[in-house]
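# Structural overview
If you want the building blocks of each chain, they are given just below.
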Amino acid sequence: MAKINIVIVEDERITAEDIKKALNSVGYEVPAIVPSGEEAIKAAEELKPDLVIMDIKLEGEMDGIQAAEQIRSKLGIPIIYLTAYSDEKTVQRAKITEPSGFILKQPYGFLRKPFEESELNTTIEITLYRDRLEKRLRKHDKWLGAMLKSISDGVIATDLNGQVRFMNSMAEELTGWLEEDALGHDVREIFDPVGYKLPLEDDMSREVSYLKNTVLKLEEGEKLTVDGSVTIIKDMEGNVDGLVIVFRQVNLSNI
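Structural notes, computed from the coordinates. Only a predicted model underlies this, so the values are computations on that prediction, with no experimental measurement involved.

### As for the packing of aromatic side chains
- Taken as a whole, this structure holds 2 aromatic pairs when the rule is applied.
- Between Tyr81 and Phe102, the aromatic rings sit 5.5 Å apart at their centres with planes inclined by 35°, giving tilted as the arrangement. In this pair, Tyr81 sits in strand 4 (residues 79-83) while Phe102 sits in strand 5 (residues 101-104), placing the two residues 21 residues apart along the sequence.

Here it is as C-alpha cells:
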C-alpha cells in the first residue's frame, strides 16, 4: 500500500515536530514542514501531498486561510486546519476554503501536547476516506458524462424544478440549443412535446413514460418528430430529484 504523504504548515517548530512524530508513529510520511503560506503553496505544488495540515496563523504576509484557498482551488488537496483561533469570524473565513476539519490547539502544559493525537488521527482518517470517495465520484461523473455525450440519442437531464443540468451533443443538434445556453433554463423552453405534459409538478406516479412519434415544437416554429422516454430520477431516500429525457429523431418516411 502506498504511503500517505502529509505536509505540515506550522511556524512553531516544536508543535510541528510533535505533529510529525505523531503522524510517523501511525505510518504517515511527512515530506516537508514549512512555516509560511507562501512556502506551503510551493511545497504543495512540488510534492503533491495527500493532505495538508495548516495552521491558520502563520508568519509572513499570507495566513493559512489564504494559502489553503490557493492550494484547494489549484490542486484540490484536502486541508485540515490546526488553530488556536475559534472565534466566529475566523471560522467563517476558514469555511469558505472548504476544509476537511479543524484541530483546536491547546496551550502547552506539563507532559501535554497542544493537540490530542487521537483527535488528529481520527480527523485525518475521515479526511482521507472522504477524499478517496470524492475522487471516485468525480471519476465516475467524468466517465458517465463522456459516455452520454458520445451516444447517438439526445439526452437532457433536469433538476426537480425542470431546470436543465445536462445536455449531450446529440440533444444540442436536435433541439438547436447549446448546452451552455440551456443550463438553468426550464426544459420546456427546449423540449416541448405536443400533447404530452412533462411530469414536473403533479404527475409523478409513472417513473418512466414513453414518447412515440411525438412532435416537438422548436424555436422559430420548427417541428421535430421523436421517439424516446422520460424517466423520473429519485435520490437514495426516494425523493424526486429530476428528469432524464432520452430521444431520437424519427424519419417519418420510413414508417
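What follows continues from the structure just given.
### Focus: the sheet that holds strand 7 (residues 164-167)
- Pairing in this open sheet of 5 strands is antiparallel, and the strands run 7-6-10-9-8 from one edge to the other. What marks the edges here is a single partner per strand, and that holds for strand 7 and strand 8 (208-217). Strand-to-strand twist in this sheet, taken as the mean axis angle between neighbours without regard to direction, amounts to 25°.
- Judged from the 8 bridges that link them, strand 8 and strand 9 (residues 223-234) form a sheet pairing that is antiparallel. Residue Ser209 lies in a different strand from strand 9, and its bridge partner there is Val230.

### Considering a negative patch on the surface
- Among the surface-exposed residues, Glu38, Glu39, Glu59 and Glu61 lie close enough to one another that they form a single negatively charged patch.
- Within the fold, Glu61 resides in the loop between strand 3 (51-55) and helix 3 (64-75).

### Digging into the sheet that holds strand 1 (residues 6-9)
- The sheet built from 5 strands is open, its strands ordered 2-1-3-4-5 with parallel pairing. Two strands lie at the open edges of the sheet, namely strand 2 (33-34) and strand 5, each paired on one side alone.
- Pairing of strand 1 with strand 3, which is carried by 4 bridges, proceeds in the parallel orientation. Its bridge partner lying in strand 3, Val9 is registered against Met54.
- Across the sheet, helix 5 (residues 117-150) lies against strand 1, strand 3, strand 4 and strand 5, angled at about 170° from strand 5, the strand it touches most.

### Quick look at unusual backbone geometry
- You will see that Lys48, though not glycine, has its phi angle at about 50°, which is positive.
- You can see Lys48 is positioned in the loop between helix 2 (37-47) and strand 3.
- In this structure Lys48 comes out as exposed when scored by relative accessible area, which is 52%.
- Unusually for a residue other than glycine, Asn213 sits at a positive phi of about 50°.
- By the secondary structure assignment, Asn213 is in strand 8.
- What makes Asn213 partly exposed here is its relative accessible area of 33%.

### Details of the packing of helix 1 (residues 13-25) against helix 5
- Look at helix 1 against helix 5: their axes get within 11 Å of each other, and the N-to-C directions meet at 65°. Note on packing geometry: the crossing formed by helix 1 with helix 5 is right-handed. On helix 5, the residues touching Ile19, Ala22 and Leu23 of helix 1 are Glu117, Leu120 and Ile124.
- Taken together, the residues of the contact of helix 1 with helix 5 break down into 5 nonpolar, no polar and 1 charged.

Definitions and cut-offs
- Residues numbered from 1 in each chain as written.
- Predicted model: local features only at pLDDT ≥ 70, side-chain atom pairs only at ≥ 80, totals over all residues.
- Heavy atoms only, no water.
- Phe/Tyr/Trp six-rings, centres within 6.5 Å; stacked < 30°, edge-to-face > 60°.
- Helix = DSSP H or I, 4+ residues; strand = E, 2+ residues; numbered from the N terminus.
- Pairing = 2+ DSSP bridges.
- Axes fitted to C-alpha atoms, helices over the stretch in contact; angles between N-to-C directions.
- Patch = residues over 30% accessible without salt bridge, like charges linked within 9 Å, V, L, I, M, F, W, Y side chains within 5 Å.
- Areas by Shrake-Rupley, 256 points an atom, 1.4 Å probe, with all protein chains shown as cover.
- Salt bridge = Lys/Arg side-chain N within 4 Å of Asp/Glu carboxyl O.
- Lys, Arg positive; Asp, Glu negative; His and termini not counted.
- Charge placed at Lys NZ, Arg CZ, Asp CG, Glu CD.
- Contact = heavy atoms within 4.5 Å.
- Buried < 20%, exposed > 50% of the residue type's maximum accessible area, 1.4 Å probe, protein only.
- Left-handed = near helix turned anticlockwise from the far one by under 90°.
- Nonpolar A, V, L, I, M, F, W, Y, C, P; charged D, E, K, R; others polar.

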